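Examining the three-dimensional arrangement
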Amino acid sequence: MIHKKFLLLIAGLVWLGAGINIFRIGVTARVPVWNLWMIVTSFTILLLFHFLVFRRMVKKHTRRIHGYLESRQPFYRFFNKQSYGIMAFMMTFGIGLRVSGIVSDTFIAVFYTGLGTSLLLAGVSFIFQFARYPHPASTKGEISQ
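The paragraphs below set out a description of the structure included in this document.

Relative to the helices and strands, Gln 73 resides in strand β2 (residues 72–73). In terms of polar contacts, Gln 73 uses its side chain to reach the backbone carbonyl oxygen of Glu 70, at 3.0 Å. In this structure the side chain of Gln 73 is engaged in a polar contact, spanning 2.6 Å, whose partner is the side chain of Arg 77.

Below you can see the structure in the form of structure tokens.
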């Protein structure tokens, strides 16, 4: 059991790790030259995922973690069951998409670079929430010495 504040750090590290991995896959895709349209499209994907998915997710999970009545929680409670399911689906779909050969290396490069950067931002956002969280010893009603 850990203090619930550290669930935010764990979430941040998980999303940072996922973001680094997805970004790496995008950057290392066999694309000889990045054109302007590829950069603009990847940046658009970054913005769409950041503002429509991950920014909301960070807020939702931060509220949920803050709302836990017990200050100490199992480490795996940084996500709820639905989020674990979504993550498993995304990983399975992403791996399946890449190994199937259905999409081009250009698609992988553009999409994964934008998605990976958005995941990195989500990780940084969770770590920022962790840093902003009051120190466990300085909760209301307690006197710290």
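So, about a positive patch on the surface. A surface patch of like charges, here positive, comprises Arg 55, Arg 56, Lys 59 and Arg 63. Among the secondary structure elements, Arg 55 is positioned in helix α2 (residues 36–67).

This part covers helix α1 (residues 5–27). Its 23 residues give α1 an end-to-end C-alpha distance of 33 Å, which sits within 8% of 33 Å, the value for a rise of 1.5 Å per residue. Turning to α1, its buried residues number three or more, namely Lys 5, Leu 7, Leu 8, Ala 11, Gly 12, Trp 15, Gly 19, Ile 22, Ile 25 and Gly 26.

Counted at 1.5 Å a residue, the expected span for helix α3 (residues 81–100) with its 20 residues is 28 Å, and the 28 Å between its end C-alpha atoms agrees. All of the buried residues in α3 are Ser 83, Met 87, Gly 94 and Leu 97. Seen along its axis, α3 keeps its buried residues to an arc of 105°; they face one direction. Of the residues in α3, the exposed ones pointing more than 90 degrees away from the buried face are Lys 81, Gln 82, Phe 89, Thr 92, Phe 93 and Val 99. Looking at the residues trailing α3, positive phi occurs at Gly 101, about 75°.

Rules behind the numbers
Residues numbered from 1 in each chain as written. Predicted model: local features only at pLDDT ≥ 70, side-chain atom pairs only at ≥ 80, totals over all residues. Heavy atoms only, no water. Helix = DSSP H or I, 4+ residues; strand = E, 2+ residues; numbered from the N terminus. Polar contact = N/O pair within 3.5 Å; in protein donor to acceptor, adjacent residues only side chain to side chain. Patch = residues over 30% accessible without salt bridge, like charges linked within 9 Å, V, L, I, M, F, W, Y side chains within 5 Å. Areas by Shrake-Rupley, 256 points an atom, 1.4 Å probe, with all protein chains shown as cover. Salt bridge = Lys/Arg side-chain N within 4 Å of Asp/Glu carboxyl O. Lys, Arg positive; Asp, Glu negative; His and termini not counted. Charge placed at Lys NZ, Arg CZ, Asp CG, Glu CD. Expected span 1.5 Å × (residues − 1). Buried < 20%, exposed > 50% of the residue type's maximum accessible area, 1.4 Å probe, protein only. Arc of directions from axis to C-beta.

Without other data, these values stay purely geometric and don't point to any function.
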